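What follows is each chain in one-letter form.
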Amino acid sequence: MSDALSENGSEQNDSQEELMTPVELIAKLEEAWLNEKFSPDLLENKSEVVECVMEQLTHMEDNLQRVSKGDMKASVHRMEIDRIRFVLSSYLRSRLQKIEKFFPHVLEKEKSRADGDPSYLSPEEYAFAREYLANTETYLKAVALRHMPPNLQAVDMMKAVPEPCLDSFVFLRVKEQQDNIMVEPETDDQREYVVDLDVGSQHLMRYRTIAPLVSTGAVQLI
């Protein structure tokens, strides 16, 4: 993969080359994919990574057109392209599934974020969520609400649609040393306690506890 990507290094702009190599770019996509796949909540969008990967895939496809069909190297690179496309598709599909499942909460979270904070939705995802909300409300009014008494014709989507369960347990691998992480008790009989997360160690923890560490990249969901 690195050979095929490195052939296109000259075609990237200078800022992209300084910030991230092609191999690092694919690693970033895989990290975002696993975090999104195993997180119960919608994470910050990685639209810049997605756009760069799509651009790299286009370059790789162009390079393969110049390689003879019988070349074994071409077959290997074709499999790598298919693998990257699978990861990219799975990442985007996971995000869309969460938006469909939690759409009013996703929109409220995006609306309430402070200025300067990273966006949870890309412009395309935001448009999709807004349209999904409008279509859902229209459908409910057409098939049910208009047939009900006037005092029951309003529906609160925030209450009707379940929130992401942040108390779900997730597996994680520690990438950066974290000391004195407060762990909430599972029952009222237990007291809060702190743990140290050593680099390379793996844990099963409540997502709510380590959500900030996922956002900063200090831990990787697995």
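Note that the coordinates shown come from a computational prediction; the quantities given were computed from them, not determined experimentally.

Chemist: I tried to follow the overall build of the protein chain on my own but got confused; where do I start?
Modeler: On a plain count of helices and strands, the protein chain comes out with 8 helices and 5 strands. When the helices and strands of the protein chain are placed in sequence order, the string is α-α-α-α-α-α-α-β-β-β-β-α-β. Scored against the burial criterion, the 222 residues of the protein chain give a buried share of 36%. Across the protein chain, every contact between residues at least 6 apart in sequence was considered, and the portion connecting residues at least 24 apart equals 69%. Summed over all atoms, the accessible surface of the protein chain reaches about 13,900 Å², with 52% contributed by carbon and sulfur.

Chemist: Can you help me understand a nonpolar patch on the surface in this one?
Modeler: Judged by side-chain polarity, Met 72, Val 76 and Met 79 come together as a nonpolar surface patch covering roughly 340 Å² of accessible area. In this fold, Met 79 is placed in helix H5 (residues 72–112). A relative accessible area of 55% means that Met 79 is categorised as exposed.

Chemist: Explain the sheet that holds strand S5 (residues 219–221) here, please?
Modeler: The pairing of strands in a sheet happens through backbone hydrogen bonds and is either parallel or antiparallel. The strand order across the open sheet formed by 3 strands is S4-S1-S5, and the pairing between neighbours is antiparallel. The outermost strands of the open sheet, each flanked by one partner alone, are strand S4 (202–206) and S5. Within this sheet the neighbouring strands show an average axis-to-axis angle of 40°, counted without direction. Here strand S1 (residues 169–174) pairs with S5 via 3 bridges, running antiparallel. The residue of S5 that forms the bridge with Val 174 is Val 219. Against the sheet, helix H3 (residues 22–38) contacts S1 and S5, and its axis sits at roughly 65° relative to S5. Where helix H8 (residues 207–216) meets the sheet, its contacts fall on S1, S4 and S5, and the angle it forms with S4 comes to roughly 120°.

Chemist: Where do I start with the nonpolar core in this structure?
Modeler: Among soluble globular proteins, nonpolar side chains are generally buried collectively. Counting residues in each nonpolar core, the largest one holds 17 residues, and the members touching the most others are Leu 29, Val 53, Leu 57, Ile 84 and Leu 88. Residue assignment for this core shows that the elements contributing at least two residues are H3, helix H4 (47–65) and H5. With sequence-adjacent residues up to four places away left out, Leu 29 is seen in contact with Val 49, Val 53, Ile 84, Val 87 and Leu 88. Counting 16 residues, the second largest nonpolar core, distinct from the first, contains Leu 197, Met 205, Ile 210 and Val 214.

Chemist: Which parts of the structure should I look at to understand the packing of H3 against H5?
Modeler: When two helices pack together, their arrangement is given by the angle between the helix axes and the distance between those axes. Interaxial distance between H3 and H5 falls to 9 Å at its minimum, and their mutual angle equals 35°. For the crossing formed where H3 meets H5, the hand is left-handed. Residues Ile 26, Leu 29, Glu 30, Ala 32, Trp 33, Glu 36 and Lys 37 of H3 lie in contact with H5, whose contacting residues are Arg 83, Ile 84, Phe 86, Val 87, Leu 88, Ser 90, Tyr 91, Ser 94, Arg 95 and Lys 98. Looking at the contact of H3 with H5 residue by residue, the classes come out as 9 nonpolar, 2 polar and 6 charged.

Chemist: Would you explain H5 in this entry?
Modeler: A turn of α-helix holds 3.6 residues, and therefore any two residues three or four places apart point the same way. Here H5 is 41 residues long, yet its end C-alpha atoms lie only 53 Å apart, well below the 60 Å a rise of 1.5 Å per residue gives. Its maximal kink placed at Phe 102, H5 deviates by approximately 100°, while the proline Pro 104 follows within four residues.

Chemist: Would you explain unusual backbone geometry in this entry?
Modeler: The general pattern is negative phi for most residues beyond glycine and trans for most peptide bonds. With a phi close to 55°, Asn 180 is a non-glycine residue in the positive phi region. Among the structural elements, Asn 180 can be located in strand S2 (residues 178–183).

Analysis parameters
Residues numbered from 1 in each chain as written. Predicted model: local features only at pLDDT ≥ 70, side-chain atom pairs only at ≥ 80, totals over all residues. Heavy atoms only, no water. Helix = DSSP H or I, 4+ residues; strand = E, 2+ residues; numbered from the N terminus. Buried < 20%, exposed > 50% of the residue type's maximum accessible area, 1.4 Å probe, protein only. Contact = heavy atoms within 4.5 Å. Areas by Shrake-Rupley, 256 points an atom, 1.4 Å probe, with all protein chains shown as cover. Patch = residues over 30% accessible without salt bridge, like charges linked within 9 Å, V, L, I, M, F, W, Y side chains within 5 Å. Salt bridge = Lys/Arg side-chain N within 4 Å of Asp/Glu carboxyl O. Pairing = 2+ DSSP bridges. Axes fitted to C-alpha atoms, helices over the stretch in contact; angles between N-to-C directions. Core = buried A, V, L, I, M, F, W, Y, C linked by side-chain atoms within 4.5 Å. Left-handed = near helix turned anticlockwise from the far one by under 90°. Nonpolar A, V, L, I, M, F, W, Y, C, P; charged D, E, K, R; others polar. Expected span 1.5 Å × (residues − 1). Bend = angle between axes of the 7 residues up to and from the residue.

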